[in-house]
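Residue-level structure breakdown
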Amino acid sequence: MFKRIIVFTHTHLSYSSNSASLTFAPSLIHSNHTPFFNPQSPNPSNSPSSTTLSDESSRTNPRIRRFSSPDRESYESLVNRFQYSSSHEDSSQLHLQIFKNGYTYDVFLLNTLVNIYTRIGEMLSARKVFDEMPLRNSISWSCLISGYTRNNMSGEACTVFREMIRAGIPPVHYAIGSVLRACQVLRSDGLRFGVQLHGFVSKTSNSFHEVVCNGLISMYGNCMDSADYAFCVFDEMQIRSLVSWNSIISICSHRGDAVSAIKLLSGMKVEGLQPTEYTFGSIITAASALSQINSFSLEQVMCTIQKSGFLFDLYVGSALVSGFARSGQSCLAKKIFELMDVKNVVSMHGLMVGLARQKHGEEAVEVFLKMKGLVKLTSDSYVILLSTLSELSDLEEGIRMGKEVHAYVVRNGLTDSNVATGNSLINMYAKCGSVKDASSAFKLMRNKDEVSWNSIITGFDQNGYFVDAVMMFCEMRRSQLKPGNFTIISALSSCAGLGFLRLGEQIHCEGVKLGLDSDISVSNSLVDFYSETGRMNNCKKVFSMMQEYDQVSWNSIIGAFSDSDSLGLESVEYFMEMMRGGWRPNLITFVNMLGAISSVNELVRQIHGLLLKYRFADENAVGNAILMCYGKCGHMDDCEKVFSKMGVRRDETSWNSMISGYIHNEQLNKAMDLVKLMLTNGQRLDCFTLASVLSACASVATLERGMEVHACGIRAYVNDDVVVGSALVDMYSKCGRIDYASCFFESMRVKNVYSWNSMIAGYARHGNGDKSLKIFNKMKLEGQIPDYVTFIGVLSACSHMGLVDQGFDHFNSMSEVYGLNPKMEHYSCMVDILGRAGELEKMSDFLNKMPMSPSVLIWRTVLGACCRSNSERATSLGIRAGSKLLELDPNNAVNYVLLSNMYAIKGKWEDMRKTRYLMKLAEVKKEVGCSWVTMKDGVHVFVASDKSHPESDEIYEKIHELQGRMREMGYVPEIKYALHDLEIENQEEILSYHSEKLAAAFVLTRKSELPIRIMKNLRICGDCHTFLRYVSKIVGRLIVVRDSNRFHHFVDGNCSCGDYW
């Protein structure tokens, strides 16, 4: 670079720049091999004057000559022209003048050239000039270090500083301040070097210099978890300037420590220093955070600012506007904004951001429209405007306005020049629910950064497009871009939504490789992911390996186990550990805990006590959770107390929780009364309420109540909802009105899988297996994919119709066609199909080939099938089933009764007596069979041979009358369904007075032509089934019986089951 070397000296004494007082003469009398500073005087400012050194060097070095007057004027002209320059043209001009005028040994001009290159970001050129400088002083090094720091090349700044120390050059305070800022930018990576530098500086006279101390305060305050080290440096400072106070106040402000920031403001005033606009800017930020708890703090700060005369300062006013808007006091923020004499784009941005955070999108847009002609808009203005559009109450309007802004920024090239604009477009469209537009905006972006990818992945995830989110994550990795913590969180959320355990584990590994697993938010997401995919052990491992926890971490692990029925009590252990660790539970903690212990009586009361202690009991979410817990524990009295105390705070969830509690505790009348009270009070009935009550009506087959609820749904305009519609289909089918269920099903505009399942199961339950299978075929034709419940209804239909081969076809199609692995319920249905068809050999083979051990229900089905067959194979298989039942479920009387009946049918009286003896030893009792009918005057319940009913005489007389007419028609009592150790006459008598016969006779004593509807808690016996067939023919009325298995419709002497049940 340098073709010639000219050594010269200046006649002027020194030159004071904007950054330091620089004396150059000392550097000019030494060669490259001589230290620039003597050990006795390390500071250039303490060196002898340049005149003295020049005269001395003139005498001792003949190469050095003095400037003539024209040379001095030319030199000073260069200094004045380029000292503050920051343009490419000036850098080239100065470089040329240095060559042209032979100033290649002038350290000051070369330092100036380095400074210009650093200001314009040409760090390669700056470094090249620095490396080829024949002479350097400490200012040369400082210029290069500060340039690297200014251009966000913090690592290079630290490297040059090390080179400086190794070269034996004592650093000046500006070099130290610059490298400390570089360490601050490097965060944890730079902290270690910063601490070493602190130790080095503490041995020099710079240790108490203001610039150095301020740099240390900023570095420690921003790089460490605690501000203690920053305060130590501040406390040890001998002289504290305004910058020092502002630095420590800024640290407290950014950490959210508003109390310390305000105390420091007071201390600053005590020392006689008046706060500046920058001081108040930090104080406002701190007070804004505190104002979310106590609104008076920010108002007090505003009063202090007003006394200081800074209220309408542009910087302070903008900060106040932003602070009040962010803390929710938007009216005051707008008032200050209007009163400001001068407004700029920054104050407008502050108000818009604050309004958007408070969900006041319309007001933020109004501010933009009002100010766009008064201030100079920047690309950030459109970024902020786009962020406000997603906060509009009408998201469709937000999309419309967003497209207008989109068109404007595209026309003006802002999407290409500013990546943040494109990212804001993606966020806006995604938050407004227009994922397609978000995807288009992403694809059209020429330049994408990590935020762009994260925005589109998060947008897909939050809108339920989990597959697209996962695919976009994979595409990002193929693009060699490293995902950030938010990207990993969104990808894990999508994997959890899809149930993609393997892919989620791969993303977990990716996070570990990138070191993101140490991030608390990522670890919390991993806990959520593994809990949602059912890997609770992995949840524990992730949580135990976390280096630190926050409130979300504890809530995540407690919530993970609260969702598990078998591991719910582990939530209590984590809750206790959290409390012992000094953490304060919040609202979410208590809601999760109540979900975990909802059925543990004593723990519910203890948590309720803690809620009162921490003053969370008045929160709606907590109150609703308490209602749910007490309802599950059966304490409806406590539910009613909590519900009554809630008063006007009751919401839809509160009413639903009470209604669900009544239903859970079989208090349907109270549930219905509460529904009526809701309507009376003008409370809106939602779909969940109606679906819950309809489900309860279906469970006890109260048709009249169910129809009342249907009417309530019509009045509440929710009967068209697909959830309510599905519940209505289920209720009508379970209450015996399959015709109503069918009509309503056909009238539904929208059907989901639950609607189809309800209709398929309803037809199967009523013995209309052919219609059930037709609905199944129609379901497939309309594109609805069947699920596990669908196939239970289909297989039940095949069972009721005796369709063995077709049943196997549907069973095999589950795994082969739909990818559904059959569960225990499906195997139970197949055993039932084979048992009803009398295919005992096939049933035995099927049991042996099952991939899991048969359940109690399956063995009970096998035993029931063996009771209906007289073969030897049936006896051996029945004995095997009976022994399994007594082994697996010894406390259920049904198992003993079935086995005893089988022995009686087979004539094995000794085995029957042994079974009854075992039943006696087990102290179990058979459930009493009962039947009931609902009449206008209430529900009438009957048991076998019952004479407690007030109208028993008329009932028994009606039975005798019916039996007489039936015998004339050929009826013969089937005594095999009576106790086998009684005389035949007694057996016939007992058969005559079974509960369903008494119920039918009772209804026939009343004058009516309506269908007879009888409910029974056990399976109807064969004799009663025959009896009701004859009765339906004699009286000419429809008789509908719902037993524990299905419905029987008796019409004109025939049953819908075809005598196959």
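Residues numbered from 1 in each chain as written. Predicted model: local features only at pLDDT ≥ 70, side-chain atom pairs only at ≥ 80, totals over all residues. Heavy atoms only, no water.

Along the backbone of the protein chain there are 57 helices and eight strands. Whereas a compact globule of 1061 residues would reach a radius of gyration of roughly 31 Å, the protein chain reaches 43 Å, over 25% beyond that. Seen through its principal axes, the protein chain has C-alpha atoms that stretch 150 × 60 × 55 Å. Classification of the 1061 residues of the protein chain by burial places 50% in the buried group. Within the protein chain, residue pairs in contact and separated by at least 24 positions form 62% of the contacts whose partners lie at least 6 positions apart. Put simply, the protein chain shows about 51,100 Å² of open surface, and 51% of that area lies on carbon and sulfur atoms. Mean positive and mean negative side-chain charge positions of the protein chain (108 and 111 charges, respectively) differ by 3 Å. (Helix = DSSP H or I, 4+ residues; strand = E, 2+ residues; numbered from the N terminus. Rg over C-alpha atoms; globule rule 2.2 N^0.38 Å. Buried < 20%, exposed > 50% of the residue type's maximum accessible area, 1.4 Å probe, protein only. Contact = heavy atoms within 4.5 Å. Areas by Shrake-Rupley, 256 points an atom, 1.4 Å probe, with all protein chains shown as cover. Lys, Arg positive; Asp, Glu negative; His and termini not counted. Charge placed at Lys NZ, Arg CZ, Asp CG, Glu CD.)

Here we take up a nonpolar patch on the surface. On the surface, a cluster of nonpolar side chains totalling about 320 Å² of accessible area is made up of Tyr917, Leu918 and Leu921. By the element assignment, Leu921 lies in helix α53 (residues 909–921). By relative accessible area, which is 53% here, Leu921 ends up exposed. (Patch = residues over 30% accessible without salt bridge, like charges linked within 9 Å, V, L, I, M, F, W, Y side chains within 5 Å. Salt bridge = Lys/Arg side-chain N within 4 Å of Asp/Glu carboxyl O.)

Looking now at the side chain of Ser571. Mapping Ser571 onto the fold places it in helix α33 (residues 570–580). Here the side chain of Ser571 touches Ile558 through a polar contact of 2.9 Å, landing on its backbone oxygen. The contact partners of Ser571, leaving out residues within four places of it in the chain, are Ile558, Phe561, Ser562, Met593 and Ala596. (Polar contact = N/O pair within 3.5 Å; in protein donor to acceptor, adjacent residues only side chain to side chain.)

Taking 1.5 Å of rise per residue, the 12 residues of helix α50 (residues 856–867) would be expected to cover 16 Å, and the 17 Å separating its terminal C-alpha atoms lies within 8% of that figure. Taking burial as the measure, the 12 residues of α50 include nine buried ones, the bulk of the element. Ile858, Trp859, Thr861, Val862, Leu863, Gly864, Ala865, Cys866 and Cys867 are the residues of α50 that are buried. Here the buried face of α50 lies against α48 (824–836), α49 (840–848), α51 (872–888) and α52 (893–905). (Expected span 1.5 Å × (residues − 1).)

UniProt records the feature "repeat: PPR" (unreviewed entry) for residues 137–171, 241–275, 418–448, 449–483, 550–585, 651–685 and 752–786 in the present numbering. Span residues 418–448 is 74% helix and 0% strand, its end C-alpha atoms 10 Å apart. The distance from the first to the last C-alpha atom of residues 752–786 is 10 Å, and the span holds 74% helix and 0% strand. (UniProt positions renumbered as here; feature names shortened; annotations may be inferred.)

Looking now at the environment of Gly256. Considering the arrangement of structural elements, one finds Gly256 in the loop between α13 (242–254) and α14 (258–270). Residues Gly256 and Ala287, spaced 31 residues apart in sequence, show a C-alpha to C-alpha distance of 8.5 Å.

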